[in-house]
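A look at the structure
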Amino acid sequence: AQTVTQSQPEMSVQEAETVTLSCTYDTSESDYYLFWYKQPPSRQMILVIRQEAYKQQNATENRFSVNFQKAAKSFSLKISDSQLGDAAMYFCAYRPLQGGSEKLVFGKGTKLTVNP
Amino acid sequence: DTGVSQNPRHKITKRGQNVTFRCDPISEHNRLYWYRQTLGQGPEFLTYFQNEAQLEKSRLLSDRFSAERPKGSFSTLEIQRTEQGDSAMYLCASSWGDTEAEAFFGQGTRLTVV
C-alpha cells in the first residue's frame, strides 16, 4: 500500500524568508503524481503544486517549488519570500497514474506559521 | 461558478441517529470524491464517482455508509446509526476529465456525534 509521510508536524518561518517542508512516500509504482495542497484555517483545500513522476524537471509555481528525488522517494516543498497568507496546513499527497485507483493518499500534514 | 459546495457546514447529532450530507460539485465536473479528515490527520479517501457510477470505495466505507450521485450531478453521503468515531470533517472534491485533472475541494461538513 502506498503511504505518505510528513515528518514535520509544525514549522515556522519569518516573513520574507524561505522554508522547506519535507515529504517522503512509499510506492512500488513507477508512474504517479505528487501534490502539495494548502488548507488555510476554515477554508477549503487548494492545490499548490503538482509533479508528474516521469518528469525529471522539478515543478515551479511562482514562489513555490519542489525538490523531487524519485530514487529517494522524496518530495519537498520550498516556499520562497514567505508571506503571512502562506500560513496554513500543508499536505503532501500521492496518486498513481495507472492501476485504476483515483484516490489521493495524503500525509498527516505540516502546520506552517509565518511570523511577521 | 462558486466552486464545490457542501451542506450543511456543521452537523451535531446524537449517537445512533442517521445523517446525510450533500455535495454540489463544480458544474460539468464528471468526477466526484468523498474524503474524511479527523483531527490531526490528512484526508482519507472514502469513495469516488465518475458521472453517476460509483467506481471505487474504501474499506473505511462500512455498511453504515452509503453514497449516491443520481444523474451525475450532486452527491449525498449518508451515515446510518452514527457512532462517536464518525466525528470528523467530511470533504467533497470534484474534477473534470482524466486522471491528470486537478481536484477542487469544498469547505467540508464537520460532523460531531455526541
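As shown above, the structure is provided for reference.
Residues numbered from 1 in each chain as written. Chains lettered and ligands numbered in written order. Predicted model: local features only at pLDDT ≥ 70, side-chain atom pairs only at ≥ 80, totals over all residues. Heavy atoms only, no water.

1. Here's the deal with the overall build of chain A
Within chain A, the regular secondary structure consists of zero helices and 12 strands. Across chain A, helices and strands are ordered from the amino to the carboxyl terminus as β-β-β-β-β-β-β-β-β-β-β-β. Since a compact globule built from 116 residues should have a radius of gyration of about 13 Å, the 14 Å found for chain A is in line with a globular shape. For chain A, the spread of C-alpha atoms along the three principal axes comes to 45 × 30 × 20 Å. For chain A, buried positions account for 47% of its 116 residues. Looking at chain A alone, contacts between residues at least 24 apart form 55% of all its contacts between residues at least 6 apart. Of the roughly 5700 Å² of accessible surface on chain A, a fraction of 43% belongs to carbon and sulfur atoms. Charge-centre separation for chain A: the mean point of 12 positive side chains lies 3 Å from the mean point of 11 negative side chains. (Helix = DSSP H or I, 4+ residues; strand = E, 2+ residues; numbered from the N terminus. Rg over C-alpha atoms; globule rule 2.2 N^0.38 Å. Buried < 20%, exposed > 50% of the residue type's maximum accessible area, 1.4 Å probe, protein only. Contact = heavy atoms within 4.5 Å. Areas by Shrake-Rupley, 256 points an atom, 1.4 Å probe, with all protein chains shown as cover. Lys, Arg positive; Asp, Glu negative; His and termini not counted. Charge placed at Lys NZ, Arg CZ, Asp CG, Glu CD.)

2. With respect to the sheet that holds strand 8 (residues 75-79) of chain B
Residue and element names in this part refer to chain B. Spatially, the four strands line up as an open sheet ordered 1-3-8-7, and their pairing is antiparallel. This sheet does not close on itself; its edge strands, each paired only once, are strand 1 (5-7) and strand 7 (65-68). Neighbour-to-neighbour, the strand axes of the sheet open up by a mean angle of 15 degrees, direction not taken into account. Summarising the sheet, strand 1 and strand 3 (residues 19-24) pair through three bridges and their orientation is antiparallel. Looking across to strand 3, one finds that Ser5 is bridged to Asp24. (Pairing = 2+ DSSP bridges. Axes fitted to C-alpha atoms, helices over the stretch in contact; angles between N-to-C directions.)

3. Quick word on the state of the cysteines
Residues and elements named next belong to chain A. All chains considered together, the criterion is met by two disulfides over all chains. What pairs with Cys23 in a disulfide is Cys92, and their sulfur atoms sit 2.0 Å apart. Every disulfide takes its handedness from the sign of the S-S torsion; for Cys23 and Cys92 that torsion is -70 degrees, giving left-handed. Within this pair, whereas Cys23 is found in the loop between strand 3 (19-21) and strand 4 (24-26), its partner Cys92 is found in strand 10 (residues 88-96), the two being separated by 69 residues in sequence. On the accessibility criterion, Cys23 (2% relative accessible area) is buried. By relative accessible area, Cys92 is classed as buried at 0%. (Disulfide = S-S within 2.5 Å.)

4. Quick notes on the packing of aromatic side chains
Following the criterion strictly, the structure yields 16 aromatic pairs over all chains and no others. Ring centres 6.3 Å apart and planes at 20 degrees place the aromatic pair Trp36 of chain A and Phe75 of chain A in the stacked group. A residue pair is termed long-range when its members are at least 10 positions apart, and Trp36 of chain A in strand 5 (residues 32-39) and Phe75 of chain A in strand 9 (residues 74-79) qualify at 39 residues. Taking the relative accessible area as the measure of exposure, Trp36 of chain A reaches 0% and is therefore buried. What makes Phe75 of chain A buried here is its relative accessible area of 0%. Between Phe106 of chain A and Tyr35 of chain B, the ring centres sit 5.8 Å apart and the planes meet at 90 degrees, which makes this aromatic pair edge-to-face. Of this pair, Phe106 of chain A sits in strand 11 (residues 105-106) while Tyr35 of chain B sits in strand 4 (residues 31-37), which puts the two residues in different chains. We classify Tyr35 of chain B as buried; its relative accessible area is 1%. A connected cluster of aromatic rings, assembled from ring pairs, spans Tyr33, Phe35, Tyr37, Phe91 and Phe106 of chain A together with Tyr35, Phe45 and Phe105 of chain B. Lying over the aromatic face of Phe74 of chain B, Arg22 of chain B brings its terminal NZ or CZ to 3.9 Å of the ring centre. (Phe/Tyr/Trp six-rings, centres within 6.5 Å; stacked < 30°, edge-to-face > 60°. Lys NZ or Arg CZ within 6 Å of the ring centre and 35° of its normal.)

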